[in-house]
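Structural overview for review
Single-letter residue listing:
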Amino acid sequence: MQDLIWLLPTFPMLGFLSLVLTGGSLPRKIVAVIGAGSVGLSFLSAVLISAQFLASGEDYFVKELWVWMAIGEFTPGFNFYLDGLSLVMMLIITGVGFLIHLYSTGFMVDDPAYSRFFAYMNLFVAAMLMLVLGDNLVLLYLGWEGVGLCSYLLIGFWYENPDNGYAARKAFVVTRVGDTAMAIGLFLLFTQLGTLNIQDMLQAAQQQWAMGSPLAIAAALLLLGGAVGKSAQLPLQTWLPDAMAGPTPISALIHAATMVTAGVYLVARTHVLFELAPRVQMLVAFVGLATLLMAGFTAMTQRDIKRILAYSTISQIGYMFLALGAGAWSAAVFHLMTHAFFKALLFLAAGTVILSLHHEHDIFKMGGKRKQLPIAFWSFIIGSAALAALPFTSGFYSKDEILLAALAVEGPGMLLWIGGVIGAFFTGIYSFRLVFVVFFGDSQGHHEAKEEAHWSMAAPLMLLMVLALLGGWIQVPLDAVFSSGAGHEEAHVSLLVHAVMIAAPFLGIGVSYLFFMSKVFDLDKLMANPLANSLHRFWFSGWGMDALYQRIFVNPFLYLARINRSDLIDSFYALLVSITRSAHLMLARTQTGYLGWYALSMAAGLVLIISLGVML
Amino acid sequence: MQSIPIEHGLILAGILFALGLVGVLTRRNIVFVLMSLEVMLNASGLAFVVASARWGHADGQVMFLMILTLAAAEVAVGLGLIIQMYRKFKTVDIDVLSEMKG
């Protein structure tokens, strides 16, 4: 059974091919069966393979398929590598992926490009599986770029609106910045260590590079660049909020549950390199901390239901990076898993809300929808509880582990912990602000709206509710993967620390309640204060990062493009063209159509040639 | 028997050839162009015959026979084209046919 691991990406790939080659001519029912069924088959085989792998007790399993290319010493194979980490990732991708595919069969049912949607989704799942199962960095990079492509295609899925196309291009270009760094990192690793097979490479790095050597630092920094781009961390986070232009299941699958966590996977996969470069690892922690705080502030001010969730995704991935930086590798992957559950749940529920309210995104135009949209309401209650890490939900266990690991870091541990707790406080505010504004209070419009929840949409929501509630009790089999990882010793922390960590989200919910439910605090009065107002605008714009990048990168580039419009190189080619053109005009004049003229020129040419022959 | 010196024959052939060429270049009536072409062909035939007589070799005369055949074939095709042209354009002036100029 383990030998059949190649089936995992093959099923969705076949689904993609059959949907693409039929070009949308299949009836919707068959498209739905192919689209969701291929991922379902993939999930079934993933479960069987996982059961057998865990029963075998092996630490890892390699399935060599074929040599991809052989260029001298460089022979990356098409090999799949299964260990605890890729097992967890593969189950998340196929499991959550299948639920989202199932949901999409109902959600997208009115869309004219039904088949194209599932083709892209299947391609995405295939590429993502390639990313997590590849045993070398080249195969990983193939999957990495593949998911980037699918992300681009799906953000711009409704391409008739030019804004969506712009958002897609922005996502593609910004992540490409990180990918370029990562590609350079791969070149560096290959020239220095002579292999890109992940396990061999990590072993060679451990033997050849000293702790904190410049090469290790450079390699870790470059890989971090790729991870930061893909996972929307500072300073490359600007693409994710705009990526919400895509259909909502896309936001759930690609921009919450799987693709954006690929950066976390990459860092966890190459954690040995980061352990060799402790300063870079510390940088990872601070990138995560800065991102989670920044995104937390921004999420509190957004009005668009999907943008709130997008910023909360950025913030939660910030927690994962914080855990990675603290050396708590398994805590990061654990949070990745629980986050996949509750964030997919929140996005899918948001999709139900948006669909039921005829594509309304502004939460302040909803209000009091808990009777009208009961399934979405309970999904949001459970999802937000897990997001805010209320006790006994899945998010509580993972966030708890992360914060304890952050506290255990030598040096700035206290700072990281305080930052994380403040972030948890903000999480409580923004997640329940959403719940209070959308589902409680007075209805602000769409009074007649009915919940549109076909069973294919309701069932995934129910299952994800269970997972978001109970996912914290899943034991992730990561001990063998991160045996070298620190932060496993149970730190003895005082009760006070625990009390603060539990209280922070409740405090946030309380603040949110006072503002948006009981209206003890008047928001309008607060907004009248010029300082609060300008702060609100600053946060609303995502700390002005978009405007900053517009000024630093986009405008100078456009300026250069403008002044370079008639550049030197072009004028050379223009000269060539004009010479050829005038020569043509000159010669065209000799073609008079008069027979005598032709005969004369022939005779003259003959005389010329003969006399040349005689003279020379 | 006093034979004609080869120079005389070649000069006559050169004069005939030049006359024919001038005719081809200057005539506008296509029948005359064709006739001038015949003159040029026969000039070259004359040069072959004179040369073969000078060296007592039969090759030049064989060549002349071939030129004769070629001229007959050419006239057949050429006259056919001229008749077609006359039917279509109602003229034998070749300058009227300058439609294919660049």
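Residues numbered from 1 in each chain as written. Chains lettered and ligands numbered in written order. Predicted model: local features only at pLDDT ≥ 70, side-chain atom pairs only at ≥ 80, totals over all residues. Heavy atoms only, no water.

1. Comments concerning the overall build of chain B
The helix and strand tally for chain B stands at 3 helices and 0 strands. Counting from the amino terminus, helix and strand elements in chain B follow one another as α-α-α. Rg of the C-alpha trace for chain B: 17 Å, well past the compact-globule value of 13 Å for 102 residues, more than 25% over. Along the three orthogonal principal directions, the C-alpha set of chain B runs to about 55 × 25 × 25 Å. Across the 102 residues of chain B, 25% fall into the buried class. Considering only residue pairs separated by 6 or more positions, chain B has 55% of its internal contacts joining residues 24 or more positions apart. Within the structure as shown, chain B displays about 7100 Å² of accessible surface, and the carbon and sulfur contribution to it stands at 71%. (Helix = DSSP H or I, 4+ residues; strand = E, 2+ residues; numbered from the N terminus. Rg over C-alpha atoms; globule rule 2.2 N^0.38 Å. Buried < 20%, exposed > 50% of the residue type's maximum accessible area, 1.4 Å probe, protein only. Contact = heavy atoms within 4.5 Å. Areas by Shrake-Rupley, 256 points an atom, 1.4 Å probe, with all protein chains shown as cover.)

2. A few points about the overall build of chain A
Helix and strand counts for chain A come out as 25 helices and 2 strands. Counting only C-alpha atoms and orienting by the principal axes, one finds that chain A spans roughly 115 × 65 × 55 Å. Taken across its 616 residues, chain A has 56% of its residues classed as buried. Taking as baseline every contact in chain A between residues at least 6 positions apart, the subset at least 24 positions apart corresponds to 81%. Here chain A has roughly 26500 Å² of accessible surface; of this, 69% comes from carbon and sulfur atoms. The positive charge centre, built from 29 side chains, and the negative charge centre, built from 34, are 13 Å apart in chain A. (Lys, Arg positive; Asp, Glu negative; His and termini not counted. Charge placed at Lys NZ, Arg CZ, Asp CG, Glu CD.)

3. Focus: the packing of aromatic side chains
Under the defined criterion, the tally for this structure stands at 26 aromatic pairs over all chains. Where F377 of chain A meets W378 of chain A, the ring centres are 5.3 Å apart and the plane angle is 65 degrees; that geometry is what we call edge-to-face. Among the residues examined, F377 of chain A registers a relative accessible area of 8% and is labelled buried. An aromatic cluster is built from F377, W378, F380, F432, F436, F439, F440 and Y513 of chain A, whose rings are joined through pairwise contacts. Of note, R54 of chain B hangs over the ring of W55 of chain B, and the distance from its end group to the ring centre comes to 5.3 Å. (Phe/Tyr/Trp six-rings, centres within 6.5 Å; stacked < 30°, edge-to-face > 60°. Lys NZ or Arg CZ within 6 Å of the ring centre and 35° of its normal.)

4. With respect to the confidence of the model for chain B
Overall, the prediction assigns chain B a mean pLDDT of 88, with 94% of residues at 70 or greater. For this predicted complex, the interface confidence score (ipTM) comes to 0.77, while the overall pTM stands at 0.77. (pLDDT = per-residue confidence, 0-100.)

5. Things to note about the environment of A257 of chain A
Within the secondary structure, A257 of chain A is located in helix α10 (residues 248-257). For the pair A257 of chain A and T175 of chain A, spaced 82 residues apart in sequence, the C-alpha to C-alpha distance is 17 Å.

6. Some points on the interface of chain A and chain B
If you look at the interface, chain A gives 10 residues, while chain B gives 10 residues. At the boundary of chain A with chain B, the tally comes to 0 salt bridges. The tally of links from chain A across to chain B stands at 0 residue pairs in polar contact (both at pLDDT 80 or more). A total of 5 residues in the side of chain A that touches chain B trace back to one element, the largest contributor, which is helix α25 (residues 595-615) of chain A. The residue makeup of the side of chain A that touches chain B, split by class, is 6 nonpolar, 4 polar and no charged. (Salt bridge = Lys/Arg side-chain N within 4 Å of Asp/Glu carboxyl O. Polar contact = N/O pair within 3.5 Å; in protein donor to acceptor, adjacent residues only side chain to side chain. Nonpolar A, V, L, I, M, F, W, Y, C, P; charged D, E, K, R; others polar.)

7. With respect to the environment of G77 of chain A
Among the structural elements, G77 of chain A can be located in strand β2 (residues 77-83). In this structure G77 of chain A touches W66, V67, W68, D135, N136 and L139 of chain A, once residues within four positions along its chain are discounted.

8. Considering the pairing of β2 of chain A
Residues and elements named next belong to chain A. Counting buried positions over the 7 residues of β2 gives 7, a clear majority of the element. Residue alternation in β2 divides its side chains into two sets, G77, N79, Y81 and D83 and F78, F80 and L82, and both sets are buried. Of the pairings in the sheet, the one linking strand β1 (residues 60-67) to β2 comprises 7 bridges and is antiparallel in character. Note that in β2 the partner of W66 across the bridge is F78. (Pairing = 2+ DSSP bridges.)

9. Things to note about the nonpolar core
All names here are of chain A. Core analysis: the largest hydrophobic core is formed by 202 residues, its most contacted members being L189, F274, F380 and F439. Looking at this core element by element, the count peaks at 20 residues for helix α15 (residues 329-356). Dropping the residues within four chain positions of it, F380 is found in contact with I305, L346, A349, A350, V353, A385, L434, V435 and F439. (Core = buried A, V, L, I, M, F, W, Y, C linked by side-chain atoms within 4.5 Å.)

10. With respect to unusual backbone geometry
All names here are of chain A. The residue after L234, namely P235, is reached through a cis peptide bond having omega 0 degrees. Turning to its location among the elements, P235 is positioned in the loop between α8 (214-230) and α9 (239-242). Phi at H358 takes a positive value of approximately 55 degrees, unusual for a residue other than glycine. Tracing the backbone through its elements, the reader meets H358 in the loop between α15 and α16 (374-387).

11. Some thoughts on the domain arrangement of chain A
Size of an interface, as often reported, equals the accessible area lost when the parts are brought together. When the domains of chain A are assigned, the result is domain 1 (281-521) and domain 2 (566-615). Domain 1 of chain A and domain 2 of chain A are separated by 77 Å when their C-alpha centres are compared. (Domains from an automatic or database assignment.)

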